[in-house]
Protein chains: 4
Amino acid sequence: MTRVLLTGFEPFGGERVNPSWEAVQQVAAAPPDGLTVRIARLSCVFGTALDELRAAVGATAPDLVLCVGQAGGRSGLSVERVAVNVDDAAIADNAGEAPVDRPVVAGGPVAYFAALPVKACVAAARAAGVPASVSQTAGTYLCNHVFYGLMHLIATERPALRGGFVHIPYEPGQVLGRDAPSLPVELAATGLRAVLTAAAGRTGDIALAGGALH
Amino acid sequence: MTRVLLTGFEPFGGERVNPSWEAVQQVAAAPPDGLTVRIARLSCVFGTALDELRAAVGATAPDLVLCVGQAGGRSGLSVERVAVNVDDAAIADNAGEAPVDRPVVAGGPVAYFAALPVKACVAAARAAGVPASVSQTAGTYLCNHVFYGLMHLIATERPALRGGFVHIPYEPGQVLGRDAPSLPVELAATGLRAVLTAAAGRTGDIALAGGALH
Amino acid sequence: MTRVLLTGFEPFGGERVNPSWEAVQQVAAAPPDGLTVRIARLSCVFGTALDELRAAVGATAPDLVLCVGQAGGRSGLSVERVAVNVDDAAIADNAGEAPVDRPVVAGGPVAYFAALPVKACVAAARAAGVPASVSQTAGTYLCNHVFYGLMHLIATERPALRGGFVHIPYEPGQVLGRDAPSLPVELAATGLRAVLTAAAGRTGDIALAGGALH
Amino acid sequence: MTRVLLTGFEPFGGERVNPSWEAVQQVAAAPPDGLTVRIARLSCVFGTALDELRAAVGATAPDLVLCVGQAGGRSGLSVERVAVNVDDAAIADNAGEAPVDRPVVAGGPVAYFAALPVKACVAAARAAGVPASVSQTAGTYLCNHVFYGLMHLIATERPALRGGFVHIPYEPGQVLGRDAPSLPVELAATGLRAVLTAAAGRTGDIALAGGALH
């Protein structure tokens, strides 16, 4: 059995739910074959979120960590390719802080690639009927913060651990009267299960074009 | 019992499914309380689609007709406000025709408003958990063609009939590798049931801002 | 000489300029050959704007009226095809009013087509180097209000008059820190001159596909 | 005098012009005070573009290098924050190659930050009347390839050199009949002059929020 830690976030930005936390609960309730899935809910607070992630990794001793966050405005699952060492907050976090151009980890490298077969994860989600793509940026807010923190933890303390980050769209209830794409939580959970199975089953990636012109 | 005719379209534009036809089949299989729902599948062919609509109206003697079509790129259900007397095809229809600036009905009025409580329909879909909005244009392709034809039929031959048009987004399977919004067919069907119930239950509309700045 | 009345709007929605008024002033300062251009600035107030338009038509006795407005978010000039008999304000006008689903003219027809060779106007703007397209909706706010009022005036009182409506994008200064398309006022003015010349020179239109799928 | 090397690209993707090359020619023809500007045109070919960049740096011995590329679909200038060590081509380059998930420099670090005061550059462009923002990704095509190659050259061979990358939108002539944002070349050149002046005049950056939520 591969031990998986799956994280979601608390709501932020005035939303009442965060689909990432809803989706990871569904995955834990019905995990993919061959995986044991533990979950943790992270605060939308710079610093605190990384403390919580580190504690959850310590408590669950996972083989694979997948952090999940909400990307309002995106249409499908996006598997993040690269975590960047910068916090630059367009809105305040849930503790009222809005760092500008501050490193996630002082002295850390500029960026880390995900320790996931990113293209295989995208292909697996699509094969499960869920729109998915590679993303070239996880932004500079809490999602990138946690993603970078995870990759730095792997690089500096837990070399056998693998992991990465997936963004999911709003769920329909968040956009009833707004013109923004959505994806039901059930479908996001289906996609996450496919991603986990793909990530647990291989280390090398597949050759699948997934780049962006700019 | 209110008798409803619900129409969807065959696939077009290189797609293998048309979510409008999938959704109306689901509504017919589990209709809302108090409504009997008959369905018809319209060709994506100028002229032919209107012949088929007229035949279906004749065969089912409905109290209410709701025509449904695919609006690739939209995020939620959109209840159309106005049908315009013009065919202007950006791509060829399924018979290879692409009329430019031709009236749907020669000598017909410039436009008809939907004979639906448009705002109440939008509010009902939202209350059922489905993203929805008013749309100010149904385009100038098959959807507007059928919508105008329906309203002209009502205006000239069937004054007791009520009806209108709803656009629905792509379903997820159409956009697995594309960056475009989608809505599962089940959710579209839920929204259509809410729209039908709202439309069957009232003639006057509610006051709900739903306009566009441009 | 063809006598042209060209109108722009005052700023609204928190903006400090309205590019429509800036652009029409530039056109008047350097009108196209063969045209005399008079301009009027309309209030962003339901009702008042139509009174001002009627007064300007009376004062200038034009052969052609082109009303111009700002369409924030659009990328190029859009020549409007159809004016609809509804006011439905998403935001309050400059007098604080926000009508919902009120006719522009009680008892008026549902819609009017522009009395312009719409496709020829689009082609002329493009030939002058200005991005342009046909628009299927002028919205339900002040722009549509004025457009419908103009067409109703033509239909009921001034059958020899021709006219229509063109939307233009934000100018760059409005979007310095926003992710929205813009078009410099000089380029919008160049496009408007091309539109006026095309509209003054012909009554029949050209065959050019310019429709929308939805 | 600060010596500047400014690069643009040849056309690609079926376009007949590349606004980046047009704009850098205009900057060189009328450079900002205190700067001497030399320009080079890079091929849209993986590998070759970096050879050309290296040769141009060798020939011009610049203090500052700014590479400029076209970002079709963006609305304003975007000053890139980070270059990533990956080539992943969504379309073939001008030599017919389309690498997938290949490093720009084998064994190079995952990413480099721009050696530019990114926020000051954005502020300067806005102050000059040009829409501008920070971008969190330069994509994975030729622009990122050249950006990464430049930063690697600086890091490994030319520590005194500073530099970075700016994306500019389509110019209007490229989108006459397309719904995509554009910016006239003159305005892009104005923005580039402001960026160069800001970059030449300071090393530390200003505190200006410019991040992305995802």
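Attention in this report is confined to the structure presented alongside it.

Here is what the cut-offs are and how they apply
Residues numbered from 1 in each chain as written. Chains lettered and ligands numbered in written order. Predicted model: local features only at pLDDT ≥ 70, side-chain atom pairs only at ≥ 80, totals over all residues. Heavy atoms only, no water. Contact = heavy atoms within 4.5 Å. Buried area = accessible area lost by both parts, 1.4 Å probe. Salt bridge = Lys/Arg side-chain N within 4 Å of Asp/Glu carboxyl O. Least-squares fit on C-alpha atoms with pLDDT ≥ 70 in both. Pairing = 2+ DSSP bridges. Helix = DSSP H or I, 4+ residues; strand = E, 2+ residues; numbered from the N terminus. Axes fitted to C-alpha atoms, helices over the stretch in contact; angles between N-to-C directions. Parallel < 35°, antiparallel > 145°, perpendicular 65-115°, else oblique. Left-handed = near helix turned anticlockwise from the far one by under 90°. Nonpolar A, V, L, I, M, F, W, Y, C, P; charged D, E, K, R; others polar.

Digging into the interface of chain B and chain C
Reasoning step 1: If you look at the interface, chain B gives 34 residues, while chain C gives 35 residues.
Reasoning step 2: Regarding the contact of chain B and chain C, the summed buried area is about 2700 Å², with carbon and sulfur atoms giving 65% of it.
Reasoning step 3: Where chain B meets chain C, there are eight salt bridges.
Reasoning step 4: Between Asp101(C) and Lys119(B) there is a salt bridge; the shortest N-O distance is 2.9 Å.

Topic: the relation of the copies chain A and chain D
Reasoning step 1: Under the fitted operation, chain A is carried onto chain D by 0.0 Å of movement along the axis and a turn of 180 degrees, and the coordinates agree to an RMSD of 0.0 Å. On the angle and the small slide along the axis, the relation comes out as a two-fold axis.
Reasoning step 2: The residues that chain A uses at the interface reappear at the interface of chain D in 100% of cases, marking a shared surface.

With respect to the sheet that holds strand S2 (residues 35–42) of chain A
Residue and element names in this part refer to chain A.
Reasoning step 1: Here six strands make up an open sheet; going across it, the order is S2-S1-S3-S8-S4-S7 and the pairing mixed. Either end of the sheet is taken by a strand with one partner, and the two such strands are S2 and strand S7 (132–135). If you compare each strand with its neighbour and ignore which way they point, the axes differ by 25 degrees on average.
Reasoning step 2: The sheet contact formed by strand S4 (residues 77–80) and strand S8 (residues 162–168) spans two bridges and is antiparallel. Bridge assignment links Val79 to a residue of S8, and that residue is Val166.

Observations regarding the packing of helix H1 (residues 19–29) of chain A against helix H5 (residues 185–201) of chain A
Residues and elements named next belong to chain A.
Reasoning step 1: With their axes 8 Å apart at the nearest point, H1 and H5 run at an angle of 60 degrees to one another. It follows that H1 is oblique to H5 by the angle criterion. Crossing handedness for the pair H1 and H5: right-handed. Note on element contacts: H5 touches H1 through Val185, Glu186, Ala188, Ala189, Leu192, Arg193 and Leu196, opposite Pro19, Glu22, Ala23, Val24, Gln26 and Val27.
Reasoning step 2: When its residues are assigned to classes, the contact of H1 with H5 shows nine nonpolar, one polar and three charged.

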